[in-house]
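Fold and contact review
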Amino acid sequence: MKNFTLFKIPLFLLSFTPLVYFSGVLFPFIFSKVFFIRFLIFIFCFFSLFLLFFPKEIQKLINRAKIYFKNPIFISLLVFIFLMGIGVIFAPSSFKAFWGDLERGEGFSSWVFYFIFLIALVLLFSKRDWTIFFILNLFSFIILFSDQIYFFINKKNTLWGFLFLIEMGTKNASFTGNTTFLSAYYLFAIFSVLMILVLEKNLISKLNSFLKILIYFISFLLIIFAVSGIFISHTMGAILGLSLGIFSVLIYLIFKKDVPKNLKIISFIIIVLGILFLIFFLLTFHSSFWKKIPGVDEIVSLKWESTPIQTRLNNYRIIKKAVNPLWVGVLRSLFGWGQEHFLYVFQKFYEPRFLQSDTSWYDRAHNKLLDVLVCQGILGLLVYLSVWFFAIRSILKDKNFRRGAALLFFAVSYFCQNLFAFDTVVTYIPFFAFLALCIQNKNKEEITEEKLEKKEFLILSKIIIILFFLFSFIVFYFTFISFYQMSNFVSLIKDEDINNISQRLDNITKPYTFAQIDIRSNLLSQLIKLKKSQNTASIDPLIKKLTLLLEESTKKENWNAKYYALIATSYDNLNDILSGEKYWEKAVERSPSRQEFLYSLGVNYYKQNKKEKSLEIAQRLINSDNKITQNKIFYAILVSLNEKEKAFDNVMNVLISVFDEPKKVNFLGDELNAARNIFNFYLTLYYNQKNSDMFLKTLENQKIFEEKYEKTFNLNPSNSLRIQEMIDAFSKYGWSVIQLEQ
């Protein structure tokens, strides 16, 4: 049990988390890593059970805990996790808040695992252990960077993907799957280099000149690689974080006592040069030169109306409502909506105008502080900020300016990049390692080896160890079952063998785990697509069974309107319009302003001859925002279906008004074809009635529509000219020149 070596092995192995990738599961870049982390933490907790037979070893850990656990960083983090636990109870979906989901791999359960990891580092890691941990992280970094560079040069599958014959996507994000995640980890790689130099300063000083130069050269090279990787990733948040991290360190070195004078002068000179460069950059902001530099090109190309800016502004509008006590009540404002519930809030307070900039559904605010504000409330945000406050305070008080500078760099750079992103499974291990280091760094009191007078502490410690093990076992058990279910699902879906899917359905849908709602919804979507592509009703019984299974899931996890919409779509495909109505209404209930849900509900009412309800939906669409392209077209479709020729003038005016404000016109999908289909609907109607005047009037309106469309998007006037030819021919020769597909 000496030095707790056995316990440290799984902690060291967590350094390789960014490299873990298994293609046989859903969200392989995320869930593979979640499984890896939970497995290793479970192994650590299992090893901890041996402590029950070694009370003296527990005694040592208790003595350390008495020192470290009164650190304000630790206390603040503990309070934050406690508030998160309260949020689980009051969340719209407690199941979701506790387990999280496959796409992000968070939830309260994951935070408890990370907290166990932090406790382990604080109590067990020595200076030499930290050096090993950082070196192992640099091995991960080297593999990630070499993979990224290979892709950057070859513009195709990554290096390790090529060697292991796996496809890892089309972006240079290596094993992380997202350049934002990758660049955030690179900040930790820079921090790892700096901390190794700090921790092993005495050892390095004893080496000969050649080895010293070699070590410093390799360190410098690794930092250059990491900085290059951040820019190649084209991640503005990480670039800004890197810049502010460097700037904060330079300021720190200027004003920190005991820093050599020459280092202060160098820091000042670098700041002056940096300011001059910034002025030069701003003056030449629009130069084509900057557009040739990776990373910088993203910054200079950014415009106010660009999607990244508009989507974040949209999220801010939602958050203002989600935390406003006048909208949601005092308790929601204080305690939030629960972990992993940003998407719930997004759909609930969604505004129709958002569709002008993006069709995406956001499960994150792309700002960590705002994520915390929504999910943990005002109290949670204050406690979360206190964690950072106490961490930075401890850094500024550090008497070792080298260590303080390294810690400050990561603190500032990571915090700032998270203002444009969020924590991920790739960065949680680095983040909690950083906090553990700050906790150890703050407390310099001597750790005594005296025996405890109260046996209650020893008993309590044993109980905590057992509880941690039981918790980790339960969570890992369901994680393992989820892994098994997803592996079966992925292999089944590749074969597209309906009989095989039917026979093995129970293997992938039972027992119920946090993976089920993704497995069931994905499988149902695939079956609906398969039915359309094969144009067969033979798989209807299987679709029906999956639909019922997804209904079961929504009773446990009622947070996502898209699942209700999928169930409704399935019933529509099964010609069960009444059941479809029920679930379209539930989708609209959870996302009252989402246009496609309202439109689908309106169509459902129309199919049931519920004319008044269908027209109410149409009016609701146009009233919610009468300047949105989609709202106008959906309104026109519903009104034309229900009112037909009675609504002709109204429908034509609405369609042509789509182009009244050209800058706001935004066709995101099939809206243009849908609008053209409305004209075809009226042309067919009047053709069958042989109503020459209205047929000609429809053509004239369609010509105006096409002219405005072509002018708005600077297109050749081919469609409008074709329609004009049809008008001329019809005016001269009548019905004989008209041939419409019936």
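For clarity, every value in this text was computed on a predicted model and none was experimentally measured.

Re the overall build of the protein
- Counting its secondary structure elements, the protein contains 35 helices and zero strands.
- Split into buried and exposed, the 742 residues of the protein put 54% on the buried side.
- Of the contacts made within the protein by residues no fewer than 6 positions apart, 72% connect residues no fewer than 24 positions apart.
- Roughly 34,300 Å² of accessible area belongs to the protein as shown, and the carbon and sulfur atoms make up 63% of that amount.
- Charged side chains of the protein number 81 positive and 58 negative; the gap between the two group centres comes to 10 Å.

Quick look at helix 27 (residues 561-573)
- Between its first and last C-alpha, helix 27 extends 19 Å over 13 residues, near the 18 Å set by a 1.5 Å rise per residue.
- Among all positions of helix 27, only Ala561, Tyr563, Tyr564, Ala565, Leu566, Ile567, Ala568, Ser570 and Tyr571 are buried.
- Turning to helix 27, the residues buried within the fold contact helix 18 (342-348), helix 25 (516-534), helix 26 (540-556), helix 28 (577-590) and helix 29 (595-607).
- Of the residues flanking the start of helix 27, the one acting as N-cap is Asn560, its side-chain oxygen 2.9 Å from the backbone nitrogen of Lys562.
- Remark: Asn575 follows helix 27 within two positions and exhibits a positive phi of approximately 60°.

A closer look at a nonpolar patch on the surface
- On the surface, Phe210, Leu211, Leu214, Phe217, Ile218, Phe220, Leu221, Ile224 and Phe225 cluster together into a nonpolar patch covering about 810 Å² of accessible area.
- By the secondary structure assignment, Leu211 is in helix 11 (residues 209-232).

Description of the packing of aromatic side chains
- Here the structure, examined in full by the defined rule, presents 91 aromatic pairs.
- Between Phe125 and Phe133 the ring centres are 6.0 Å apart and the planes differ by 70°, which places this aromatic pair in the edge-to-face class. This pair shows no difference in class: Phe125 is buried, exactly as Phe133 is.
- Aromatic side chains Trp130 and Phe133 sit 6.0 Å apart centroid to centroid with 90° between the ring planes, which places their arrangement in the edge-to-face category. Here Trp130 pairs with Phe133, and both are found in helix 7 (residues 127-154), just three residues apart, close to one helical turn. In this structure, Trp130 and Phe133 share a single accessibility class: buried.

What about the side chain of Ser482?
- Tracing the backbone shows Ser482 in helix 22 (residues 455-495).
- Among the residues examined, Ser482 registers a relative accessible area of 0% and is labelled buried.
- Ignoring anything within four residues of it in the chain, the contact list for Ser482 reads Phe31, Thr513, Phe514 and Ala515.

Thoughts on the environment of Glu707
- Note that Glu707 resides in helix 34 (residues 692-712).
- Relative accessible area serves as the criterion here: at 35%, Glu707 is assigned to the partly exposed category.
- On a C-alpha basis, the gap between Glu707 and Phe478 in space is 59 Å, while along the polypeptide they are 229 residues apart.

Things to note about helix 9 (residues 179-199)
- Spanning 21 residues, helix 9 covers 30 Å between terminal C-alpha atoms, matching the ideal 30 Å at 1.5 Å per step.
- The residue sitting at the N-terminus of helix 9 and contributing the capping side-chain oxygen is Asn178; that oxygen lies 2.8 Å from the backbone nitrogen of Thr180.

Here's the deal with the side chain of Thr427
- Within the secondary structure layout, Thr427 lies in the loop between helix 20 (401-417) and helix 21 (428-442).
- Thr427 sits in the buried class, given a relative accessible area of 2%.
- When sequence neighbours within four positions are dropped, the list of residues in contact with Thr427 reads Phe181, Ala184, Tyr185 and Tyr414.

Topic: the packing of helix 9 against helix 20
- At a minimum axis separation of 9 Å, helix 9 and helix 20 run at an interaxial angle of 175°. Taken together, the axes of helix 9 and helix 20 lie roughly antiparallel to each other. Two secondary-structure elements touch here, helix 9 through Ala184, Leu187, Phe188, Ile190, Phe191, Leu194, Met195 and Val198 and helix 20 through Arg402, Arg403, Ala406, Leu407, Phe409, Phe410, Ser413, Tyr414 and Gln417.
- In terms of residue class, the contact of helix 9 with helix 20 is built from 13 nonpolar, two polar and two charged.

Section: the pattern of salt bridges
- With the rule as written, the count across this model stands at 22 salt bridges.
- A salt bridge links Lys697 to Asp649; the nearest nitrogen and oxygen atoms lie 3.3 Å apart. Placement of the pair is Lys697 in helix 34 and Asp649 in helix 32 (residues 648-656), with a sequence separation of 48 residues.
- Looking at Lys697, the relative accessible area reads 34%, which means it is partly exposed.
- What makes Asp649 partly exposed here is its relative accessible area of 44%.

Quick word on unusual backbone geometry
- Lys510 connects to Pro511 through a cis peptide bond whose omega is -5°.
- You can see Pro511 is positioned in the loop between helix 24 (505-509) and helix 25.
- Phi at Asn609 is positive, roughly 65°, even though this residue is not glycine.
- Looking at the secondary structure, you find Asn609 in the loop between helix 29 and helix 30 (611-624).

Some thoughts on the environment of Phe483
- When you line up the elements, Phe483 lands in helix 22.
- Of the residues examined, Phe483 reaches a relative accessible area of 18% and is grouped as buried.
- Between the C-alpha atom of Phe483 and that of Leu381, which follows or precedes it by 102 residues, the distance is 33 Å.

Observations concerning the confidence of the model for the protein
- The predicted model of the protein has a mean per-residue pLDDT of 88, with 94% of residues at 70 or higher.
- A low-confidence stretch, residues 162-166 (pLDDT under 50), is modelled with five contacts involving residues beyond four sequence positions or located in other chains.

Brief notes about the packing of helix 1 (residues 5-13) against helix 7
- Viewed as axis vectors pointing N to C, helix 1 and helix 7 meet at an angle of 30°, and their least axial separation amounts to 9 Å. One element, helix 1, and the other, helix 7, form an angle in the roughly parallel class. Of the two possible hands of crossing, helix 1 and helix 7 adopt the one that is right-handed. For the pair formed by helix 1 and helix 7, the contact residues are Lys8, Leu11 and Phe12 on the first element and Asp129, Ile132, Phe133 and Leu136 on the second.

The rules behind each value
Residues numbered from 1 in each chain as written. Predicted model: local features only at pLDDT ≥ 70, side-chain atom pairs only at ≥ 80, totals over all residues. Heavy atoms only, no water. Helix = DSSP H or I, 4+ residues; strand = E, 2+ residues; numbered from the N terminus. Buried < 20%, exposed > 50% of the residue type's maximum accessible area, 1.4 Å probe, protein only. Contact = heavy atoms within 4.5 Å. Areas by Shrake-Rupley, 256 points an atom, 1.4 Å probe, with all protein chains shown as cover. Lys, Arg positive; Asp, Glu negative; His and termini not counted. Charge placed at Lys NZ, Arg CZ, Asp CG, Glu CD. Expected span 1.5 Å × (residues − 1). Polar contact = N/O pair within 3.5 Å; in protein donor to acceptor, adjacent residues only side chain to side chain. Patch = residues over 30% accessible without salt bridge, like charges linked within 9 Å, V, L, I, M, F, W, Y side chains within 5 Å. Salt bridge = Lys/Arg side-chain N within 4 Å of Asp/Glu carboxyl O. Phe/Tyr/Trp six-rings, centres within 6.5 Å; stacked < 30°, edge-to-face > 60°. Axes fitted to C-alpha atoms, helices over the stretch in contact; angles between N-to-C directions. Parallel < 35°, antiparallel > 145°, perpendicular 65-115°, else oblique. Nonpolar A, V, L, I, M, F, W, Y, C, P; charged D, E, K, R; others polar. pLDDT = per-residue confidence, 0-100. Left-handed = near helix turned anticlockwise from the far one by under 90°.

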